[in-house]
Amino acid sequence: MEQVGCVVAGGGVIGIAIARELARRGIETLIVEELGSIGTGISSRNSGVIHAGLYYPECSLKARFCVEGNAALYKFARDYGVPYKQCGKLIVATDSDQLQILTEIVGRSRNCGVNDLQLLSGKEARLVEPELMCSAAIMSPSTGIIDCHALMLALLGDAQAHGAMIAINTQVTSVTAERTGFVVQTIEEQSGHQYEFQTAIFVNACGLNAPALAMNIDALPMDCVPKSHYAKGNYFFVPGPAQFQHLIYPVPEVGGLGIHLTLDLAGSMRFGPDLEWVEAIDYTVNPERADVFYEVIRRYWPSLPEGCLEPAYCGIRPKLSFAGNPVTDFVIDGPASHHIKGLVNLFGIESPGLTSCLPIAQYVSTLV
Ligand SMILES: Cc1cc2nc3c(=O)[nH]c(=O)nc-3n(C[C@H](O)[C@H](O)[C@H](O)COP(=O)(O)OP(=O)(O)OC[C@H]3O[C@@H](n4cnc5c(N)ncnc54)[C@H](O)[C@@H]3O)c2cc1C
């Protein structure tokens, strides 16, 4: 049986960042990814936004990792030549009831260490974005966008430069705990060959599939595996050059940040994600959902042309709470939670997981 210092299941941005961190600490690390290339799950089906940390409860892992991750990601992008743009974003109040929400966001963000927000009147917001309709806005200068694939390639390249390896088309099927570590069972998709690896550290970073894999870790008590729900987010794009310079967000809604405008690095506009609870993973975008998009977007961009929205893509959030229940934090369970040395499970790594990937990786390395 092959022996390796650590096996990380899942080659998304989280698994790759963790593998890089462990490899940089001198641990021989193997990433096992079931699909044919890295990062085709949640990590390539998102808004690509480097969040500033404006939405999360004080003292939560999301707040802490997002604020740390924002600075760390800009630095990483500069150091490793990953394309990004610190374009800034506006959160807009479109009626007077929402002014209070803006004030709350500013206060909560300040408590979480975000000190660069500016409250703008509607007139001031229109000076920076003439197409915008709002009664007030928050300007967040430290929000930006990043090329997610270039980020994952840079993280993987650095991990490999420090000795990490990757096996693609290979699924982790189960994990057996032993006295000195784990035996990780895998199956190679094309050949059907089964391989086993003996390792002292096992990290489950399987995104949407993390709870299912955790059920196949023999020593893990079932009450350490949270129930997960799929919350699909659909995007529509507008062909042609962008009419805005900043990202534009409405005030947040239950379960998501609201249908917002993001820009990509090529300068195109896209809107989303909306919120659709689904039972199974299905990446088709229903064009009829555009009707709601027109209505919501016109609250802050009244001159959105009729018929211009085209279906783009969608992503699925791994939610630990279902519709109507309080929002949950990231769940990163190490030995203190389940008493199994060397094991870490990551559950519910939804937004701001991309922004948080570097501090999450550091945190996981301290748990093992
Ligand atoms: C609609 C949407 C918008 C978002 N927008 C943002 C944003 O703007 N900014 C931000 O910071 N965050 C955002 N996020 C969150 C961010 O994208 C995620 O937190 C992050 O990408 C999660 O990465 P991951 O590595 O955990 O999951 P994934 O990228 O899904 O990686 C998990 C990997 O595990 C593999 N896998 C699964 N099972 C197995 C197995 N048994 N064996 C081997 N491999 C397996 C999968 O193939 C996959 O590649 C958004 C998320 C969504 C859904």
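Residues numbered from 1 in each chain as written. Predicted model: local features only at pLDDT ≥ 70, side-chain atom pairs only at ≥ 80, totals over all residues. Heavy atoms only, no water.

Trainee: How do you make sense of the packing of helix 1 (residues 13-24) against helix 9 (residues 357-367) when you look at a structure like this?
Mentor: Packed helices, taken two at a time, are described by the angle their axes make and the gap between the axes. Following both chains from N to C, one finds helix 1 and helix 9 inclined at 55 degrees, their axes separated by 8 Å at the closest point. The angle between helix 1 and helix 9 falls in the class oblique. Remark: the crossing between helix 1 and helix 9 carries right-handed chirality. Across from Val13, Ile14, Ala17, Ile18, Arg20, Glu21 and Leu22 in helix 1, the residues of helix 9 making contact are Cys357, Leu358, Ile360, Ala361, Gln362, Val364 and Ser365. Here the contact of helix 1 with helix 9 is built from residues that sort into 10 nonpolar, 2 polar and 2 charged. (Axes fitted to C-alpha atoms, helices over the stretch in contact; angles between N-to-C directions. Helix = DSSP H or I, 4+ residues; strand = E, 2+ residues; numbered from the N terminus. Parallel < 35°, antiparallel > 145°, perpendicular 65-115°, else oblique. Left-handed = near helix turned anticlockwise from the far one by under 90°. Contact = heavy atoms within 4.5 Å. Nonpolar A, V, L, I, M, F, W, Y, C, P; charged D, E, K, R; others polar.)

Trainee: Looking at this model, I keep getting lost on the nonpolar core. Mind explaining?
Mentor: In globular proteins that are soluble, nonpolar side chains generally tend to be buried together. In terms of nonpolar packing, the biggest core is built from 52 residues, with Leu132, Phe271, Ile297 and Leu309 touching the most fellow members. For this core, the element with the highest residue contribution is helix 7 (residues 290-300), accounting for 6 residues. When neighbours within four sequence positions are excluded, Ile297 is seen to be in contact with Ile259, Phe271, Leu304 and Leu309. Counting 40 residues, the second largest nonpolar core, distinct from the first, contains Ile16, Ile146, Phe330 and Val344. (Core = buried A, V, L, I, M, F, W, Y, C linked by side-chain atoms within 4.5 Å. Buried < 20%, exposed > 50% of the residue type's maximum accessible area, 1.4 Å probe, protein only.)

Trainee: Got a minute to help me understand the packing of aromatic side chains in this structure?
Mentor: Aromatic rings considered in pairs are described by the distance between their centres and by the relative angle of their planes. If you walk through the whole model with that rule in mind, you get 9 aromatic pairs. Through a chain of ring-to-ring contacts, three or more aromatic side chains come together here, namely Phe244, Phe271 and Trp301. Positioned above the aromatic ring of Tyr249 is the side chain of Lys89, whose terminal nitrogen or guanidinium carbon lies 3.6 Å from the ring centre. (Phe/Tyr/Trp six-rings, centres within 6.5 Å; stacked < 30°, edge-to-face > 60°. Lys NZ or Arg CZ within 6 Å of the ring centre and 35° of its normal.)

Trainee: What exactly am I supposed to notice about the sheet that holds strand 4 (residues 84-85) here?
Mentor: Strand pairing in a sheet is mediated by backbone hydrogen bonds. Such pairs are either parallel or antiparallel. What the 3 strands build is an open sheet, ordered 3-8-4; its pairing is antiparallel. In the strand order of this sheet, the two ends are held by strand 3 (49-50) and strand 4, each with one partner. Here 2 bridges tie strand 4 to strand 8 (residues 144-146), and the two strands are oriented antiparallel to one another. If you follow Tyr84 over to strand 8, its bridge partner there is Ile146. (Pairing = 2+ DSSP bridges.)

Trainee: Any chance you could explain the site of the ligand here in plain terms?
Mentor: Lining the immediate environment of the ligand, one finds 37 residues, of which Glu33, Ser43, Val49, Ile349 and Thr355 sit closest. For the ligand, an oxygen atom lies 3.1 Å from a polar atom in the backbone of Glu350. At a separation of 2.7 Å, an oxygen atom of the ligand approaches a polar side-chain atom of Thr355. With the chains in place, 97% of the 1,000 Å² that the ligand exposes on its own is no longer accessible. Those elements giving two or more residues to the shell around the ligand turn out to be helix 1, strand 10 (170-178) and strand 18 (310-319). Summarising the domain contributions, the shell around the ligand has at least three residues from each of domain 1 (2-45 + 150-226 + 327-367) and domain 2 (89-141 + 229-319). (Near = heavy atom within 4 Å. Polar contact = N/O pair within 3.5 Å; in protein donor to acceptor, adjacent residues only side chain to side chain. Areas by Shrake-Rupley, 256 points an atom, 1.4 Å probe, with all protein chains shown as cover. Domains from an automatic or database assignment.)

Trainee: Mind showing me how you'd approach the pairing of strand 11 (residues 181-188) here?
Mentor: Each regular strand shows side chains that alternate between the opposite faces of the sheet. Here strand 11 lies mainly inside the structure; 7 of its 8 residues are buried. Counted between consecutive antiparallel strands, the loop separating strand 10 from strand 11 contains 2 residues. Here strand 11 pairs with strand 12 (residues 194-204) via 6 bridges, running antiparallel. Among the inter-strand pairings, Thr186 is bridged to a residue of strand 12, identified as Tyr195. Turn length for the strand 11-strand 12 hairpin, with the two strands adjacent in sequence and antiparallel, is 5 residues, and the turn residue Gly192 shows positive phi of about 75 degrees.

Trainee: For this particular structure, what's the right way to read the domain arrangement of the protein?
Mentor: Interface size is commonly expressed as the accessible area that is lost once the parts come together. What the domain assignment reports for the protein is domain 1 (2-45 + 150-226 + 327-367) and domain 2 (89-141 + 229-319). Computed over C-alpha atoms, the centres of domain 1 and domain 2 are 32 Å apart. The interface of domain 1 with domain 2 comprises 7 residues on the first partner and 10 residues on the second. Here domain 1 and domain 2 share an interface that buries about 900 Å² over both sides, 62% of which is from carbon and sulfur atoms. Broken down residue by residue, the surface that domain 1 buries against domain 2 is led by Arg45, Leu208 and Glu350, which jointly contribute 73%. (Buried area = accessible area lost by both parts, 1.4 Å probe.)

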